[in-house]
Amino acid sequence: MAITGIRGQWLDMWIFFCLVLLIGIKLEGIAAQIRYSIQEELKSGAAVGNVAKDLGLDLARLTDRNLRVVSGTKQDLFKVNPRDGVLLVNQRVDREELCAKTVPCITNLKAVVENPLEMHQVIIEILDVNDNSPRFPEENYTLEVLESSVVGSRFQVEGAHDLDVGLNSLQSYKLNHNQYFRLETEEFGEDGKVPFLILQRPLDREQTAQLWLLLTATDGGKPSKSGTINITVIVSDINDNSPVCDKQKYTITIKENAPPGTFLLIVNASDSDEGMNGEIEYSLRSKLRGLSSDPFDLDSRTGKLTVKEGLDYEEKQVYEIKVLAADKGAVSLSTQCNVVVRVEDVNDNQPEIEITSLSSRIPEDAPLGTVVALMGVTDLDSGVNGQVVCSVPGHLPFDLKPSPDGQSFSLVTNDFLDKETIHMYDITITAKDLGSPSLSSTKVIQVDVLDVNDNSPLFTESPYTFYVPENNKAGMSFFSVSATDADGGENAAVTYSLDRKSPGPTVTSFLNMNEANGTISALKSFDFETLKNFQFHVVASDSGTPSLSSNVTVNVFILDQNDNAPVILYPVSSNGSAEGVEEIPRNVNAGHLVTKVRAYDADIGYNGWLLFSLQEVTDHSLFGLDRYTGQIRTLRSFTETDEAEHKLVILVKDNGNVSLSATATVTVKLVEPKEAFAASDVVSKGNDQGENNIIVYLIVTLGSVSVLFLISIIVLIAMQCSKSTDYTSKYLQETNYDGTLCHSIQYRSGDKRYMLVGPRMSIGSTIVPGSHANTLVLPDRRKTSEECHYPWC
């Protein structure tokens, strides 16, 4: 931005005052004139110059004198700061909007101050910046040029316009490289530079129908800006090409019995010109320069040649036709296409098939060679045209056997039938003569395949495995089996029954089966403690004659329920009640084992896991009970003040969902040490009497243990050699006997092995969902050949 004050513009002011004196204008209230130059598009708030300073106003009194600027337009493009006199840009200044193409672009302002009232003229010149690109009136322009245009022809293109002025305005044009046109520009006054396309090479529409050019207009700004226009040059056609036939000679053979209107061929000629110059009209010409009288019709527009009337091979065998193809140009050009039509003696009678005998229903177990149908074949033609061969599709299990005279055929089976695969055949018999071209006829025979009971019922699973909780309600169904039969009708109707052929009493005696749907119900309630699993067989039989059947093994595992209360094993009195008396010396220390309550629960898992608790005790500070082992120990030493007899009531409870329990009563009597020793002497005497027997028992026991140890070592070595794994020992760790007797059972379902265990489970085992936390899943890594399918594995 260039700013010029009074002190820097003496020359301009001198010229201004001279002009005022010469024209005799009296400037009232105008004391001075200042001029500024700024670029367009400055931001609002940008400083133009200091008006007060350039006018020589006293800055100290500037506020009192109310300095302001007044413009003659509605837009307040500038404003002055009344405190310091700085002239500022008030809103966007667009040179193109203010002055268009006028140069220079001047804006006049009046600077007014009061006390005393003065008015000064402020001239602001708006300098152009390159903020506009050259722009064509349209993005795309179409130019039509005749292909006959001579080299050097000029074609004007509407030029681009740039709103900027000076060097920022449009300066040059550039045309993309092409082989047909070059670019020239001329100055046209206010329109500036106008581009012209100069043809520099002859055009041929048949070779190049359209050209695509890109014209670029560039201004002189730094950096420069440009605009483009896409020019499509369409080459207009002239009739400079004759029609050309797509073949030198057309040849067609037609049967003599072709009816009128029969299509022969299409004569096709092409013309590289377009419009009327390329539109072709066809006509028949004879050798004598006139319309042909041959028995053919020609479509003048499409060149389609058809039969106009009946042909006779005996009268004429070959027709040579001349077809004239002419375009519709102002000066028509034409060519001649040759067509040869050969008439052929035809085989115009089709063979006829007559079915004399038919068996439309064949059982699926029919032997090979079974006759399905007998038929006769005739053809009214003679010679080769009357000789007939018959065939059936090769993928069907049927074949045709000809008679010696070749006039009749028999349809027989050549493969086995299967109704379950295909229940019906549509056999298409084709009779074809040996004429040229050959004629044929067909006849369709439908053969139904009758079902034979050749499929046994198949169960959906084998074997079946079911899990039934004990204490089930007798008579209620608890599972079902299902089988399907691939046969149809009665042969597919399946009934179910239990296999009761096993000798002696079997589990099937308390089972009942619904013959219709395979539902099995139990006639009694199961007791896990009596029967943990059982196996039986179900037979599925169809209703065919003879009937076919199959059987399946059903494995049933009884799931334990908490239906047994704990049974006290110790203490037990002589009359069978759970009561006992224990005598201990008074001088025992804390932690002395008084006795151990032993109990048994016929259930397994959590249902058989027992916990012990003290229900009643005369002195809580004296005795303690281990809740897992049932051991009763002293908590402290006895004192003289402690009573000599204490009664303990122990509650034994299992861990079932609905817990069952039993109680035992232990009476602990404190005796003096002498009495305790006397009691022990009596016991030792009794032990001396059986000492000899015990020694014998010990010797036998040791011998047995040694033998079992040796056998175990041998078995372990054999198992290692065979790379087998004992998963029971691997996944179920030994448990120390703690007074709780537990049952366990192992069984297999699919590729998993299960074990029902007591409360202490092995590391690595997982609980089966829905098994009341008493069933473990044991990983099974054995090979398939070693897998056991029995419930006790």
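Residues numbered from 1 in each chain as written. Predicted model: local features only at pLDDT ≥ 70, side-chain atom pairs only at ≥ 80, totals over all residues. Heavy atoms only, no water.

Peer 1: What am I meant to see in the side chain of Arg 95 here?
Peer 2: Examined against the element boundaries, Arg 95 turns out to sit in helix α3 (residues 95–99). Overall, Arg 95 belongs to the buried group, its relative accessible area being 1%. A distance of 2.9 Å separates a polar atom in the side chain of Arg 95 from the backbone oxygen of Ala 100. Beyond its immediate chain neighbours, meaning those up to four positions away, Arg 95 contacts Glu 40, Ala 100, Thr 102, Cys 105, Ile 126, Leu 127, Asp 128, Leu 163, Asp 164 and Val 165. (Helix = DSSP H or I, 4+ residues; strand = E, 2+ residues; numbered from the N terminus. Buried < 20%, exposed > 50% of the residue type's maximum accessible area, 1.4 Å probe, protein only. Polar contact = N/O pair within 3.5 Å; in protein donor to acceptor, adjacent residues only side chain to side chain. Contact = heavy atoms within 4.5 Å.)

Peer 1: Before we go on, may I ask you to explain a nonpolar patch on the surface in this structure?
Peer 2: The grouping of Phe 709, Leu 710, Ile 713, Leu 716 and Ile 717 at the surface amounts to a nonpolar patch, some 500 Å² of accessible area in total. By relative accessible area, Ile 713 is classed as partly exposed at 35%. (Patch = residues over 30% accessible without salt bridge, like charges linked within 9 Å, V, L, I, M, F, W, Y side chains within 5 Å. Areas by Shrake-Rupley, 256 points an atom, 1.4 Å probe, with all protein chains shown as cover. Salt bridge = Lys/Arg side-chain N within 4 Å of Asp/Glu carboxyl O.)

Peer 1: Honestly, the sheet that holds strand β18 (residues 263–266) in this entry has me stumped. Any pointers?
Peer 2: What holds strands together in a sheet is hydrogen bonding between their backbones, with the strands either parallel or antiparallel. The antiparallel open sheet is built from 3 strands, whose spatial order is β18-β22-β21. Here the strands that pair on one side only, and so sit at the sheet edges, are β18 and β21 (296–298). The average undirected angle you get between the axes of adjacent strands in this sheet is 20°. Bridge analysis of β18 against strand β22 (residues 304–307) gives 3 bridges, and the strand direction is antiparallel. From the neighbouring strand, Ile 266 faces β22, where its bridge partner is Lys 304. (Pairing = 2+ DSSP bridges. Axes fitted to C-alpha atoms, helices over the stretch in contact; angles between N-to-C directions.)

Peer 1: Before we go on, may I ask you to explain the confidence of the model for the protein chain in this structure?
Peer 2: Should pLDDT be low for a region, the predicted coordinates there are not to be read in detail. Within the protein chain, residue pLDDT values average 79, and 81% of them lie at 70 or more. Mean pLDDT in the protein chain bottoms out at strand β1 (residues 2–4), which sits at 33, and peaks at strand β48 (residues 631–634), which reaches 93. This model gives residues 723–750 a pLDDT under 50, and the stretch forms 88 contacts once residues within four places in sequence are excluded. (pLDDT = per-residue confidence, 0-100.)

Peer 1: Sorry, what's going on with the nonpolar core here?
Peer 2: In this structure, Phe 459, Val 481, Leu 511, Phe 534, Phe 536, Val 538 and Val 554 are the most contacted members of the largest nonpolar core, which totals 27 residues. Secondary structure elements with two or more residues in this core: β34 (464–469), β37 (494–498), β38 (511–513), β39 (519–522), β40 (533–542) and β41 (549–559). In this view, Val 481 contacts Phe 459, Tyr 464, Phe 466, Tyr 496, Met 513, Asn 517, Gly 518, Val 538 and Val 554; residues no more than four positions away in its chain are not counted. If you look at the next biggest cluster of nonpolar residues, it comprises 25 residues, including Ala 32, Ile 34, Leu 67 and Val 80. (Core = buried A, V, L, I, M, F, W, Y, C linked by side-chain atoms within 4.5 Å.)

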